[in-house]
Structures are given as structure tokens and as C-alpha cells.
Amino acid sequence: MASFPLPISISEVNSLSDEQFESVFGNVIELCTDAAAEVKKKRPFQDVTALCDAFQSYLEDISLADKVVILKLHPDLAGRLAARGELTPESAGEQRAAGLDGLTAEQKRVMDESNQRYKLKFGFPFIICARENKVQSIIEGLQRRYNNSQEQEIITGIYEVKKICKLRILDIVKH
Ligand SMILES: NC(=O)N[C@H]1NC(=O)NC1=O
């Protein structure tokens, strides 16, 4: 991670070395360092919106197969990695913000079963921007979206990844 205090200004973003840029933005899309490696080539950015747009374009322009790879990089919400304390700091903070670290036994059972069922149907985890939700809306979304088609869920999953990405960038860059 960065060896300087965050947040940083857009001009500081533009002055980072390639290596620093990849380190600072390497997890704005969960575990997807390729995105930062591509986006760094688009510098300079005029403002934080332009930087966010570049990551969003990356997510739009990749193939369907690569979109699925990105969805698969995400941890389950309130899943095994969370229980083991092995989430990335970003994901841990987001899951905490939604209240997922304080589930009742019944909520945990429903989450586990619904996550499992969803993953079995689609082949990738259920993804939602946790910071924009609370436990109840996450459980509802998980159950409602199970009825969607594969194609719809790839689109919706990537849409949620874009929201997660934007909030992570706004934690890093002054705006
Ligand atoms: N599965 C899933 O949605 N995970 C992600 N959501 C979020 O807000 N942070 C994550 O890691």
C-alpha cells in the first residue's frame, strides 16, 4: 500500500510512478491488479471523476469471460474468508459497514444457504455494494436476484463492482 498519507490529490495521482499507481489502485477492483495496470496508461486525469470513468470503462470493455473472472475474485459476503479474518482490508470494512459482522445465527444460516445456492446456479458469488446496503437489503437482494438469468446477473454483478470501485477510489483520492 501507499507509503504516504491518503487521501491524495489528482495531481499527486498523476505524478505517482507506475509501480506506486499499481500499488495504490491495485485493489479498487477486488484483487484485480490488471485494471490498475491498464488505467495507469491513461494518465493524466483531469479530476477524480475522470479517474473513476477510466476504471468503469475498463470494466465495460473487457470480454464477458473476463467479467466473470472479476466477479469470481470477490469474496462471499459474511462467508468463510470473513469468518477467518482473511478478507482484504477494503472488503472487511465494507462488510462491517453493512453490519455483516453482527449477523444473528438465523441471518447467518440464511446468508450461507442463499450464497451457496446462488453460486451453484451462476458459478460466481453474489455481489452487491455492501456500503450502500444493510443486512436486510442484502439478504433480500440475494434471494430476489437468484431468479435472474446468468446474463442479467453478470450485468448486475459488474454494475455493483463499479459502485464498489468508485467508493474505494473516493477513499483514496481527494474530491
Ligand atoms: N460478494 C460481494 O459483494 N463482495 C463485495 N461487496 C462489497 O461491498 N465488498 C466486497 O468485497
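Since the model is a prediction, treat every value here as computed from it, not as a measurement. The residue numbering used here restarts from 1 in each chain and proceeds along that chain's sequence as written. Note on the predicted model: pLDDT of at least 70 is required for a residue's local features to be given, and 80 or more for side-chain atom pairs to be given and counted; whole-chain, interface and lining totals, by contrast, use all residues. Here the side-chain values reflect all heavy atoms present in the structure, with hydrogen atoms and water set aside.

Moving on to the overall build of the protein. Helices and strands together make up the secondary structure of the protein, namely 10 helices and zero strands. Helix and strand definitions follow DSSP, with helices as H or I runs of at least four residues and strands as E runs of at least two, each counted in order from the N terminus. Beginning at the N terminus, the succession of helices and strands in the protein can be written as α-α-α-α-α-α-α-α-α-α. We take the radius of gyration over the C-alpha atoms and set the globule estimate at 2.2 Å times the residue count to the 0.38 power. The C-alpha atoms of the protein give a radius of gyration of 17 Å, which matches the 16 Å a tight globule of 175 residues would have. Across its three principal directions, the C-alpha atoms of the protein cover 50 × 35 × 25 Å. Sorting the 175 residues of the protein into buried and exposed places 46% on the buried side. When the accessible surface of the protein is summed, it comes to about 9,200 Å², and 51% of that surface belongs to carbon and sulfur atoms. When charges are tallied, Lys and Arg are placed among the positive residues and Asp and Glu among the negative ones, while His and the ends of the chain are skipped. Charged groups are reduced to one reference atom each: NZ for lysine, CZ for arginine, CG for aspartic acid, CD for glutamic acid. The protein carries 23 positive and 26 negative side-chain charges, and their two centres are separated by 3 Å. Only protein chains enter the calculation, and the probe is 1.4 Å; a residue is then buried if its accessible area is under 20% of its type maximum, exposed if over 50%, and partly exposed in between. For accessible areas, the Shrake-Rupley method is used with a probe of radius 1.4 Å. Any residue's cover is judged against the shown protein chains and nothing else.

Inspection of the region around the ligand gives Pro75, Leu77, Ser91, Glu94, Phe126, Ile127, Ile128, Cys129, Ala130, Ile164 and Arg168 as its neighbouring residues. One of the backbone nitrogen or oxygen atoms of Pro75 is found 2.8 Å away from a nitrogen atom of the ligand. Within the backbone of Phe126, a nitrogen or oxygen atom sits 2.9 Å from a nitrogen atom of the ligand. With the chains in place, 100% of the 300 Å² that the ligand exposes on its own is no longer accessible. Only α7 (89-97) and α10 (150-172) provide two or more residues apiece to the shell around the ligand. Split into classes, the residues belonging to the shell around the ligand amount to eight nonpolar, one polar and two charged. Whether a residue is near a molecule or strand is decided by its heavy atoms; if any one of them lies within 4 Å of it, the residue is near. For the purposes of these results, a polar contact is taken to be a pair of N or O atoms within 3.5 Å, where, inside protein, one atom must be able to donate a hydrogen and its partner to accept one; residues adjacent in sequence count only when each atom of the pair is a side-chain atom. Note on residue categories: nonpolar means Ala, Val, Leu, Ile, Met, Phe, Trp, Tyr, Cys or Pro, charged means Asp, Glu, Lys or Arg, and polar means any other residue, Gly included.

Salt bridges are counted wherever a side-chain nitrogen of Lys or Arg sits within 4 Å of a carboxyl oxygen of Asp or Glu. Tallied over the entire structure, the rule returns 16 salt bridges. Asp76 is the partner of Lys119 in a salt bridge, and the nearest nitrogen-oxygen pair spans 2.9 Å. Residue Lys119 is found in helix α8 (residues 105-122), and its partner Asp76 is found in the loop between α5 (64-72) and α6 (80-84); the two are separated by 43 residues along the sequence. One salt bridge in this structure joins Arg84 and Glu86, with 3.9 Å as the shortest N-O distance. On the accessibility criterion, Glu86 (46% relative accessible area) is partly exposed. Shared partners join several salt bridges into a network, and the residues in it are Glu30, Glu94, Arg131, Arg168 and Asp171.

Right, let's get into the UniProt feature "domain: Oxo-4-hydroxy-4-carboxy-5-ureidoimidazoline decarboxylase" (unreviewed entry) in the protein. UniProt positions are given in the numbering used here, feature names are shortened, and annotations may be inferred rather than shown by experiment. Here the UniProt feature "domain: Oxo-4-hydroxy-4-carboxy-5-ureidoimidazoline decarboxylase" (unreviewed entry) sits at residues 14-169. For the annotated span residues 14-169, helix accounts for 66% and strand for 0% of the residues, and the straight-line distance between the end C-alpha atoms is 14 Å.

Attention shifts here to helix α4 (residues 48-61). The length a helix should cover is 1.5 Å for every residue beyond the first. Here α4 contains 14 residues, and its C-alpha end-to-end distance of 20 Å stays within 8% of the 20 Å for a straight helix at 1.5 Å per residue. Of the positions making up α4, those classed as buried are Val48, Leu51, Cys52, Ala54, Phe55, Gln56, Tyr58 and Leu59.

Looking at the secondary structure, you find Lys166 in helix α10. C-alpha separation for the pair Lys166 and Thr49, spaced 117 residues apart in sequence, amounts to 9.0 Å.

This part covers the confidence of the model for the protein. Looking at any residue, its pLDDT shows the predictor's confidence there, from 0 to 100. With 98% of its residues at a pLDDT of 70 or more, the protein has an overall mean of 97. Quick note on the complex model: pTM equals 0.97, ipTM equals 0.99.

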